[in-house]
Amino acid sequence: MKLIKLDAIDSTNEFLKGLSNRQELDNFTVVVAEKQTKGKGQMGAVWDSEKGKNLIISVFVKDPLLNIKQIYNLNIAIATAVVDALEIYNIPEVRIKWPNDIMSYNFKIGGILIENSLKSDGAVSSVVGLGLNINQTNFDNLPKASSLAAICGTHFDKNQLLVSIVEKMKQNIAKIESESEGLWSKYTDRLFKKGIPMPFKDQFNVNFMGIIQGVSAYGKLQVLLEDDSIAEYSIKEIQMLY
């Protein structure tokens, strides 16, 4: 893989998108930064990180899908790749909090942001952003955040983790066409709080109880409600209260 190292940048995703617009990039070109000043999460949320302590990367993925209708398959492949890589290092209770937060126990340790570009011929290229808390241990005012070091009580090699994660991404993306059912099964099995009655809040601030069942082919969260119906929710339409 081609690796571009930066000391500080506003956003690795924005940097890599700009680079891909100006020149032809090798598949799985990786940008890694020690500090990101305008890190982004899902739906414009801010991702902040202590300089030098964590893994902040963006990966250019060329033509991962044959069809735009398969777009959520890429999310599945990437999220499960991160889980697979972390399990190599015996990180406990790694789960995916829908749609793309990475959890250990009840703590958020990482987040994924995938931005796709549709070409005129229908092909898709993607920039996959990942922020993963590695060796940062101070999370003042962030009671739901943690890191690999804080959870495991040991220091981790960021470069080793980077190589492991990108390698798993390559493997899983290669499986999208032929083994998508297996990727979906793993994603569903690793969903945070799946099958457990949990309180939720909807976009109208109405609280309710529900049980996560899975995720639809188009990326909507499927929740079993108290009347035994299954409702589907898009990002920002539902919040788990945990």
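Let us look at the structure shown here.

Examined bridge by bridge, strand β1 (residues 3–9) and strand β2 (residues 30–36) share six bridges and lie parallel to one another. In the sheet register, Leu3 faces β2, and the bridge partner there is Val30. Following the backbone out of β1, through helix α1 (residues 12–22) and into the adjacent parallel β2, one traces a crossover that is right-handed.

Turning next to the packing of aromatic side chains. Applying the stated criterion across every chain yields a total of six aromatic pairs. A centroid spacing of 5.7 Å and a plane angle of 20° characterise the contact between Phe200 and Phe208, whose relative ring orientation is stacked. On the basis of relative accessibility, which here comes to 1%, the residue Phe200 falls in the buried class. With a centroid separation of 6.0 Å and 20° between ring planes, the pair formed by Phe208 and Tyr233 is classed as stacked. Here Phe208 is found in strand β9 (residues 207–215), whereas its partner Tyr233 is found in strand β11 (residues 230–233), with 25 residues between them in sequence.

This part is about the sheet that holds strand β6 (residues 107–118). Taken together, the seven strands give an open sheet; going across it, the order is β1-β2-β3-β7-β6-β5-β4, and neighbouring strands pair in mixed fashion. For this open sheet the edge positions go to β1 and β4 (94–97), each flanked by a neighbour on one side alone. Strand-to-strand twist across the sheet, computed as the mean angle between neighbouring axes with direction ignored, equals 20°. As judged from the nine bridges shared by β6 and strand β7 (residues 124–132), these two strands associate in the antiparallel manner. If you follow Leu118 over to β7, its bridge partner there is Val124. Lying over the sheet, α1 contacts β1, β2, β3 (55–61), β6 and β7, oriented at roughly 25° with respect to β3. On top of the sheet, helix α4 (residues 158–174) reaches β1, β2, β3 and β7; it is set at about 30° to β3, its chief contact.

Before going further, it helps to examine α4. With 17 residues, α4 should reach 24 Å at 1.5 Å per residue; the first-to-last C-alpha distance of 24 Å fits that figure. Of the residues making up α4, those classed as buried are Lys158, Leu161, Leu162, Ser164, Ile165, Val166, Met169, Asn172 and Ile173. One side-chain oxygen at the N-terminal end of α4 lies 2.9 Å from the backbone nitrogen of Asn159; it belongs to Asp157.

Among the surface-exposed residues, Met1, Leu3 and Val163 lie close enough to one another that they form a single nonpolar patch of about 250 Å² accessible area. Within the secondary structure, Met1 sits in the segment before β1. In this structure Met1 comes out as partly exposed when scored by relative accessible area, which is 44%.

This brings us to the environment of Lys186. With respect to the secondary-structure elements, Lys186 resides in helix α5 (residues 180–189). Along the backbone, Lys186 and Ile76 are 110 residues apart, and their C-alpha atoms lie at a distance of 8.7 Å.

The next subject is the nonpolar core. In terms of nonpolar packing, the biggest core is built from 57 residues, with Leu55, Val59, Leu86, Ile112 and Tyr187 touching the most fellow members. A total of eleven residues in this core trace back to one element, the largest contributor, which is helix α2 (residues 71–88). Setting aside chain neighbours within four positions, we find Leu86 in contact with Ile91, Val94, Ile102, Ile109, Leu132, Leu148 and Leu161. In terms of nonpolar packing, the next biggest core, distinct from the first, is built from ten residues, Ile4, Ile9, Val31 and Phe60 among them.

Along the chain, the position of Ser216 falls in the loop between β9 and β10 (221–225). A residue is classified by how much of its surface remains accessible, and Ser216, at 8% relative accessible area, is buried. Aside from chain neighbours lying at most four places away, what touches Ser216 is Trp184, Gln222 and Glu232.

Once that is clear, we can look at unusual backbone geometry. Note the cis peptide between Trp98 and Pro99, where omega equals 0°. Examined against the element boundaries, Pro99 turns out to sit in the loop between β4 and β5 (101–104). The phi angle at Asn205 is positive, at roughly 65°, despite the residue not being glycine. Take Asn205: it is sitting in the loop between β8 (197–202) and β9. In this structure, Asp228 is a non-glycine residue whose phi angle is positive, near 70°. As for its placement among the helices and strands, Asp228 is situated in the loop between β10 and β11. Under the relative-accessibility criterion, Asp228 is labelled exposed at 64%.

Here is what the cut-offs are and how they apply
Residues numbered from 1 in each chain as written. Predicted model: local features only at pLDDT ≥ 70, side-chain atom pairs only at ≥ 80, totals over all residues. Heavy atoms only, no water. Pairing = 2+ DSSP bridges. Helix = DSSP H or I, 4+ residues; strand = E, 2+ residues; numbered from the N terminus. Right-handed = clockwise from strand over helix to strand, strands pointing away. Phe/Tyr/Trp six-rings, centres within 6.5 Å; stacked < 30°, edge-to-face > 60°. Buried < 20%, exposed > 50% of the residue type's maximum accessible area, 1.4 Å probe, protein only. Axes fitted to C-alpha atoms, helices over the stretch in contact; angles between N-to-C directions. Contact = heavy atoms within 4.5 Å. Expected span 1.5 Å × (residues − 1). Polar contact = N/O pair within 3.5 Å; in protein donor to acceptor, adjacent residues only side chain to side chain. Patch = residues over 30% accessible without salt bridge, like charges linked within 9 Å, V, L, I, M, F, W, Y side chains within 5 Å. Areas by Shrake-Rupley, 256 points an atom, 1.4 Å probe, with all protein chains shown as cover. Salt bridge = Lys/Arg side-chain N within 4 Å of Asp/Glu carboxyl O. Core = buried A, V, L, I, M, F, W, Y, C linked by side-chain atoms within 4.5 Å.

Without other data, these values stay purely geometric and don't point to any function.
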